[in-house]
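Observations on chain architecture
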Amino acid sequence: MSKTASEIKEYFEQIFSHQELMNAFHDRHADAVSRGIDRRNGASFGTAATSELLLVSKKCLDGTYRFTPYLESLKVKDRSSIPRMISIPSVRDRVVLTQLNKLLHFCFPGVASTRFASEYVRDIAAYLGKVPLATTWTAGADIRKFYDSISRARLQKLLNKGLRNPLASKLVHHAVSTPTVPKTYRRKDLDKYRREVGVPQGLAISNALAAIYMHEVDGAMAQMPVRYFRFVDDVLVVGSKEDTAKAVRSFGARVRARGLATHLSGDKKGHHSPLTDSFSYLGYVFRMPNVSVRESTVERLLQSLAAKITDYKYNKQRILEKRQYLTADSLREAFIDELNERISGAISGKRRYGWIAYFSQITDESILHRIDDAVRRMLLRDPELAVCVKDVKRFSRALFEMRHRPQGGYVRDYDKFNTPAQMLSFLVFRGRVNSAVALTSAQIVEKFEAYRSQQLSAMLADEASLY
């Protein structure tokens, strides 16, 4: 049921009040480690948060708020791929974007919501297990440069219908049209970085805006005699040979009418084949009744783990010289604990991170045993690490634990660190602080948050190369 203009106005004024902005900052951004173009993290912004957010509230409510240019971060999947540009807002802007995301979900209930890719895979695997193998076909499509190609004019029309508030519409418009710039940009060159189309990737509102833009397409596709799945720009349809071919053509026509384009069936981004043939979707390989992982994905994981082991072997002496409070044994123990976390994954903010968390829907567990054997062979090549092989966790067990006992202890749960004393003990064990040096509670929390963010980012990097 759509909200009335008065309900939206009341909610807009509520979430952009000074108190609610302060709450959003302390709940979501006070511990932020990443920095926008102003080079401030959560802690440094926090020193002036009260006064700055008071002004932010006033400007949001009178329509004069403007976003700082976003900081450019280029993500490269592999050497043959074009880098993907991620926009990093300042902490101040992140607070505003957090509230805007709440507003979009309030005004577009059930439309702006997004799910994790692994949830789609779970639904797909369950559905494919019920359909007749001999007569079922699948077809895949991929939207080219999805976020970069979204028509802002069309998106704004859709937003205006749902937001029913000129101040809210104006604020979203400024969020989307704010340019993303490299760290070394000069203010006088700002206009060079402005674009007329596209939605910046990496903002709190990016996924919600994309979902709103595609809502009409999703609704029309759901009426066709196929089962339709879409995760961001990746589409899969399941049904008869004729119906899936027709559905993919219909999808292509509908997105072209909205200024988007799909990759053609037959290239690496599209397929149309019987269910008896294998196909890939969101990094998984479906070879019914088995669900597995692409070989290239396994290779990238092993390369990442090998790089971590090599980095330890060749830099341990330098680290021992730098952190003289560590011994060779304590450094090795910390390394093995970090490696185990990369294997088992982790939990933070009730979200599951890591390679095994993403691939928790596979049924072909033989591939995990292959990975475990490969990791052990890497360790056995170094006499110092060979003695630790028995202490290294296994992907094959991590799959069971992540599925059935994520809080049983095998998977690192960062949510269980509640006190500075617990955080300090962890940091000391990981060799990140000297136990002989006195730290305030605030310093401990800041160091813990920074280190946790570093670890989770490494696991997100494993996930980001999946598909």
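This text follows the structure it describes.
To start, this report covers the structure provided alongside it.

A short note on the overall build of the protein chain
Broken down by element type, the protein chain carries 19 helices and 13 strands. Taking 2.2 N^0.38 as the reference for a compact globule, 467 residues should give roughly 23 Å; the C-alpha atoms of the protein chain span a radius of gyration of 24 Å, in line with that estimate. Taken over the C-alpha atoms alone, the protein chain extends approximately 65 × 65 × 40 Å along its principal axes. Across the 467 residues in the protein chain, those meeting the buried criterion constitute 49%. In the protein chain, 74% of the contacts between residues at least 6 apart in sequence involve partners at least 24 apart. Element-wise, carbon and sulfur atoms account for 51% of the exposed surface of the protein chain, whose accessible area totals about 23000 Å². Here the protein chain contributes 74 positive and 50 negative side-chain charges, whose respective centroids are spaced 4 Å apart.

Thoughts on helix H11 (residues 241-256)
Counted at 1.5 Å a residue, the expected span for H11 with its 16 residues is 22 Å, and the 23 Å between its end C-alpha atoms agrees. Three or more residues of H11 are buried, namely Thr244, Ala247, Ser250, Phe251, Gly252 and Val255. Buried residues along H11 sit against strand S3 (137-142), helix H10 (206-222), strand S5 (227-231), strand S6 (234-239) and strand S7 (271-274).

Let's talk about the side chain of serine 90
Secondary-structure assignment places serine 90 in the loop between strand S2 (84-88) and helix H5 (91-107). Contact partners of serine 90, with chain neighbours within four places excluded, come to Gly36, Asp38 and Thr68.

Side note on the sheet that holds strand S11 (residues 346-348)
Sheet strands pair by backbone hydrogen bonding; their relative direction is either parallel or antiparallel. Strand order in the open sheet formed by three strands is S12-S11-S13, and the pairing between neighbours is mixed. Pairing within the sheet leaves two strands with one partner each, and these edge strands are strand S12 (351-353) and strand S13 (412-413).

Considerations on the packing of aromatic side chains
Applying the stated criterion across every chain, the model contains 25 aromatic pairs. Ring geometry for tyrosine 120 versus phenylalanine 231: centroids 5.5 Å apart, planes at 65°, classification edge-to-face. Taken as a pair, tyrosine 120 in helix H6 (residues 117-128) and phenylalanine 231 in strand S5 lie far apart in primary sequence, 111 residues in all. Among the residues examined, tyrosine 120 registers a relative accessible area of 15% and is labelled buried. Taking the relative accessible area as the measure of exposure, phenylalanine 231 reaches 12% and is therefore buried. Taking 5.9 Å as the distance between ring centres and 85° as the angle between the ring planes, the aromatic pair formed by tyrosine 414 and phenylalanine 426 counts as edge-to-face. Placement of the pair is tyrosine 414 in the loop between S13 and helix H18 (420-429) and phenylalanine 426 in helix H18, with a sequence separation of twelve residues. Comparing tyrosine 414 with phenylalanine 426, the two get one shared label, buried. If you follow arginine 351 out to its NZ or CZ, it ends over the ring of tyrosine 353, 4.7 Å from the centre.

Notes on unusual backbone geometry
Residue proline 289 is reached from methionine 288 by a cis peptide bond, and omega for that bond is 10°. One non-glycine residue with positive phi stands out, namely arginine 39, at about 65°. Its location among the elements puts arginine 39 in the loop between helix H2 (18-29) and helix H3 (42-46). Taking relative accessible area as the criterion, arginine 39 reaches 42% and is therefore assigned partly exposed. Here leucine 282, not a glycine, exhibits a phi torsion of approximately 55°, which is positive. Along the chain, leucine 282 falls in the loop between strand S8 (279-281) and strand S9 (284-287). Given a relative accessible area of 3%, leucine 282 falls into the buried group.

Here's the deal with the environment of aspartate 243
Note on placement: aspartate 243 falls in helix H11. Through-space distance from the C-alpha of aspartate 243 to that of serine 87 is 39 Å; in sequence the pair is 156 residues apart. The residues touching aspartate 243, leaving out its near neighbours within four places in the chain, are Pro225 and Val226.

What about the sheet that holds S6?
The four strands are arranged S5-S6-S3-S7 in an open sheet whose pairing can be described as antiparallel. Only two strands of the sheet have a single neighbouring strand rather than two, namely S5 and S7. Ignoring strand direction, the axes of neighbouring strands in this sheet form an average angle of 15°. Here S5 runs beside S6; their pairing, made up of five bridges, is antiparallel. Across the sheet, the residue bridging to tyrosine 228 is valine 237, located in S6. The strands touched by H6 within the sheet are S5 and S6, with S5 carrying the most contacts at an inclination of about 160°. Most of the contacts of H10 go to S5, to which it runs at about 170°, and overall it touches S5 and S6.

Rules and cut-offs
- Residues numbered from 1 in each chain as written.
- Predicted model: local features only at pLDDT ≥ 70, side-chain atom pairs only at ≥ 80, totals over all residues.
- Heavy atoms only, no water.
- Helix = DSSP H or I, 4+ residues; strand = E, 2+ residues; numbered from the N terminus.
- Rg over C-alpha atoms; globule rule 2.2 N^0.38 Å.
- Buried < 20%, exposed > 50% of the residue type's maximum accessible area, 1.4 Å probe, protein only.
- Contact = heavy atoms within 4.5 Å.
- Areas by Shrake-Rupley, 256 points an atom, 1.4 Å probe, with all protein chains shown as cover.
- Lys, Arg positive; Asp, Glu negative; His and termini not counted.
- Charge placed at Lys NZ, Arg CZ, Asp CG, Glu CD.
- Expected span 1.5 Å × (residues − 1).
- Pairing = 2+ DSSP bridges.
- Phe/Tyr/Trp six-rings, centres within 6.5 Å; stacked < 30°, edge-to-face > 60°.
- Lys NZ or Arg CZ within 6 Å of the ring centre and 35° of its normal.
- Axes fitted to C-alpha atoms, helices over the stretch in contact; angles between N-to-C directions.

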